[in-house]
Amino acid sequence: MTPLNLDRNTFLRQYWQQKPLVIRQGMTDFEDLISPDELAGLACEEAVESRLIYRKDQQWQAESGPFESYDHLGEKDWSLVVQAADNWAPQVAALTEGFDFLPDWRRDDVMISFATPGGSVGPHVDNYDTFICQGSGTRHWRVGKHGDFKQFSAHETLLHVEPFEAMIDVTLAPGDILYIPPGFPHEGIAVEPSMSFSVGYRTESAKDLFSGLADHLIDHDLANQLLIDPQRPVSTSPGLVDNTDLARIKQHLLSVLQDDELLARFCGAHMSAPKHALDVPETPFDYSEADVHSLLQQQPLYRLGGLRCYYFEQTVANGWFYLNGEECQVDAKLTDTIKNLCDNQILDCDMLSEGLADGAFLSLLTTYVNQGCWYFEE
Ligand code: SIN
Ligand code: CO
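Computed from a predicted model, the values in this text were never measured in an experiment.

About the cut-offs
Residues numbered from 1 in each chain as written. Chains lettered and ligands numbered in written order. Predicted model: local features only at pLDDT ≥ 70, side-chain atom pairs only at ≥ 80, totals over all residues. Heavy atoms only, no water. Helix = DSSP H or I, 4+ residues; strand = E, 2+ residues; numbered from the N terminus. Buried < 20%, exposed > 50% of the residue type's maximum accessible area, 1.4 Å probe, protein only. Contact = heavy atoms within 4.5 Å. Areas by Shrake-Rupley, 256 points an atom, 1.4 Å probe, with all protein chains shown as cover. Lys, Arg positive; Asp, Glu negative; His and termini not counted. Charge placed at Lys NZ, Arg CZ, Asp CG, Glu CD. Pairing = 2+ DSSP bridges. Axes fitted to C-alpha atoms, helices over the stretch in contact; angles between N-to-C directions. Expected span 1.5 Å × (residues − 1). Near = heavy atom within 4 Å. Polar contact = N/O pair within 3.5 Å; in protein donor to acceptor, adjacent residues only side chain to side chain. Nonpolar A, V, L, I, M, F, W, Y, C, P; charged D, E, K, R; others polar. Donors = N, O, S within 2.8 Å, 3.2 Å for Na, K, Ca; no water. Parallel < 35°, antiparallel > 145°, perpendicular 65-115°, else oblique. Core = buried A, V, L, I, M, F, W, Y, C linked by side-chain atoms within 4.5 Å.

Structural notes on the overall build of the protein chain
For step 1, the next point in the chain: A count of helical and extended segments in the protein chain gives 11 helices and 19 strands.
For step 2, the next point in the chain: Overall size of the protein chain, expressed as C-alpha extent along the three principal axes, is 75 × 70 × 40 Å.
For step 3, the next point in the chain: Counting the 378 residues in the protein chain, one finds 45% classified as buried.
For step 4, the next point in the chain: Residue pairs at least 24 apart in sequence account for 77% of intrachain contacts in the protein chain once pairs closer than 6 positions are excluded.
For step 5, the next point in the chain: If you sum the accessible surface of the protein chain, you get close to 19,600 Å²; carbon and sulfur atoms cover 50% of it.
For step 6, the next point in the chain: Once the 25 positive and 59 negative side-chain charges of the protein chain are each reduced to a mean point, those two points are 11 Å apart.

Digging into the sheet that holds strand 7 (residues 139-144)
What links the strands of a sheet is backbone hydrogen bonding, and the strands pair in either a parallel or an antiparallel sense.
For step 1, the next point in the chain: The strand order 10-7-12 describes an open sheet built from three strands, whose pairing is antiparallel. With partners counted over all chains shown, the strands left at the sheet margins are strand 10 (166-172) and strand 12 (186-190), one partner each. Across the sheet, the mean angle separating the axes of adjacent strands is 10° when strand polarity is ignored.
For step 2, the next point in the chain: Here five bridges tie strand 7 to strand 12, and the two strands are oriented antiparallel to one another. Paired with Trp 141 across the bridge in strand 12 is Gly 188.

Some thoughts on unusual backbone geometry
For step 1, the next point in the chain: Each neighbour pair has its own omega, and for Gly 65 with Pro 66 the value is 5°, a cis peptide bond.
For step 2, the next point in the chain: Here Pro 66 is to be found in the loop between strand 3 (59-64) and strand 4 (78-82).
For step 3, the next point in the chain: At Gln 58, a residue that is not glycine, the phi angle is positive and equals roughly 70°.
For step 4, the next point in the chain: Looking at where Gln 58 falls in the secondary structure, it is placed in the loop between strand 2 (50-56) and strand 3.
For step 5, the next point in the chain: The residue Asp 77 is not glycine, and still its phi comes out positive at about 65°.

Regarding helix 6 (residues 260-272)
It helps to recall that an α-helix has 3.6 residues per turn; residues three or four apart then point in one direction.
For step 1, the next point in the chain: Relative to the 18 Å expected for 13 residues at 1.5 Å per residue, helix 6 spans 18 Å between its end C-alpha atoms, a close match to the ideal helical length.
For step 2, the next point in the chain: Each element contacted by the buried residues of helix 6 is listed here: helix 4 (206-219), helix 5 (243-257), strand 15 (309-310), helix 8 (313-316), strand 16 (320-323) and strand 17 (326-329).

Remarks on the site of ligand 1
For step 1, the next point in the chain: Close contacts around ligand 1 come from Met 111, Ser 113, Val 121, His 124, Asp 126, Arg 139, Trp 141, His 186 and Ser 196, and that covers them all.
For step 2, the next point in the chain: At 3.1 Å from an oxygen atom of ligand 1 is found a side-chain nitrogen or oxygen belonging to Ser 113.
For step 3, the next point in the chain: A distance of 3.3 Å is found between an oxygen atom of ligand 1 and a side-chain nitrogen or oxygen belonging to Asp 126.
For step 4, the next point in the chain: Here ligand 1 loses 96% of its free accessible area of 260 Å² to cover by the protein chains.
For step 5, the next point in the chain: Breaking the shell around ligand 1 down by element, the ones donating at least two residues are strand 5 (107-115) and strand 7.
For step 6, the next point in the chain: Here the residues of the shell around ligand 1 sort into three nonpolar, four polar and two charged.

Considerations on helix 5
For step 1, the next point in the chain: The end-to-end C-alpha distance of helix 5, which contains 15 residues, comes to 21 Å, matching closely the 21 Å that a straight helix rising 1.5 Å per residue would cover.
For step 2, the next point in the chain: A side-chain oxygen of the first residue of helix 5 lies 3.2 Å from the backbone nitrogen of Thr 244; this N-cap is Asp 242.

Examining the coordination of the cobalt ion (ligand 2)
For step 1, the next point in the chain: Looking at the cobalt ion (ligand 2), one finds its protein donor set to be His 124 (NE2), Asp 126 (OD) and His 186 (NE2), positioned 2.0 to 2.1 Å from the metal centre.
For step 2, the next point in the chain: Site description for the cobalt ion (ligand 2): donor spacing in sequence, H-x1-D-x59-H. Separated by 60 residues along the polypeptide, Asp 126 in the loop between strand 5 and strand 6 (130-134) and His 186 in strand 12 bring together distant segments of the chain. Take Asp 126 and His 186: they sit in the same class, and that class is buried.

Comments concerning the sheet that holds strand 6
For step 1, the next point in the chain: Overall, antiparallel pairing links the eight strands, which are arranged 1-11-6-13-5-4-2-3 in an open sheet. Both edges of this open sheet fall to strand 1 (21-23) and strand 3, since each of them pairs with a single strand only. Strand-to-strand, the axes of this sheet are offset by a mean angle of 20°, without reference to chain direction.
For step 2, the next point in the chain: As judged from the four bridges shared by strand 4 and strand 5, these two strands associate in the antiparallel manner. Each residue of the ladder has a partner; that of Val 82, found in strand 5, is Ile 112.

Brief notes about the packing of helix 4 against helix 6
For step 1, the next point in the chain: Direction vectors running N to C along helix 4 and helix 6 enclose 105°, while the axes themselves pass 10 Å from each other. Considering the angle they form, helix 4 stands roughly perpendicular to helix 6. Packed against helix 4, whose contacting residues are Asp 208, Leu 209, Gly 212, Leu 213, His 216 and Leu 217, the element helix 6 presents Leu 262, Arg 265, Phe 266 and His 270 at the interface.
For step 2, the next point in the chain: For the contact of helix 4 with helix 6, the class distribution of residues is five nonpolar, three polar and two charged.

Things to note about the nonpolar core
For step 1, the next point in the chain: Of all hydrophobic cores here, the largest spans 42 residues; its most connected members are Phe 11, Leu 80, Leu 95, Phe 99 and Phe 131.
For step 2, the next point in the chain: Only strand 1, helix 2 (36-42), strand 2, strand 4, strand 5, strand 6, strand 11 (177-180) and strand 13 (194-201) provide two or more residues apiece to this core.
For step 3, the next point in the chain: By residue number, the principal contributor to this core is strand 13, which donates four residues.
For step 4, the next point in the chain: Listed in part, the 29 residues of the second largest apolar core include Val 292, Val 316, Phe 321 and Val 330.

And the structure:
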């Protein structure tokens, strides 16, 4: 994937999380990464998340996959949406390389939509950033002002917005990109049969992070120290929890968050946990360590689409990294190997040279290859 035709610094300073942007020909010579037929085939698979959205007698309808047939839908006014298509098609996963100016942990998935003329998912608002990359065909997009919308249920699974005034009103052609931050109402309607590839981002509420942190503390039996209050003054209002006590309770909780190592270890496991099914084999492969070592001398090793693999500045020096919801530990001197493993979707033997000379790392890598987390193309 070639870099996007985009000034990354200007984009991050002026647009990211702030305002939508149309990037005309953001991708040079862009062609569909999979065909509409292949997309329709993916949506027939049990493990793939997909939806059909259409209107029947003026009523919005939404159905969840897997689908058996599309024959009843006709030539117009419907769209098929497949989530986490990067988990199932390597060439779709490769699209994310063009977005490497944003860290992987912020990314959610690549959603692909095919729409027939008039097809749309309807006017709506997302709570995530998205880069909608136009593939074949053209699609007309309108984007309204931030926060300027009223939501309603158009169907039990479709939250739409009332008509909004457009601040962006464009027709995207193949290779164009529309960036939309959270909270801006938008609607895309296919002009002709069209494919779009949306690279979506995610954040988390403090509520969800606290909930995940609580699970982590319980699972690892952490943060058991009790609140203490020596040198307490005489209490004159026994029913009062005074501000000094409230500050003490707050400090007690903050002491957990102030432990950077604990926080990094929790976040690593929490954020690297898969959100969508991964395309791993039911029965592991049986590469030996020698096979992996020698294959790497001849060919690159690819990271499985959708696999989350991160490290932290605090943890890499200890040899820790986070993969698929788990903390992994290798020799502390393998910092370059960990960084290369997590920073690159395609690895070669030079990137892993220190690790390949370490028996424990080679054994771990072989386990990952056998699980299908990294793979050789042939
Ligand atoms: C679509 O591609 O049909 C919808 C994408 C979006 O609005 O987020
Ligand atoms: Co949207």
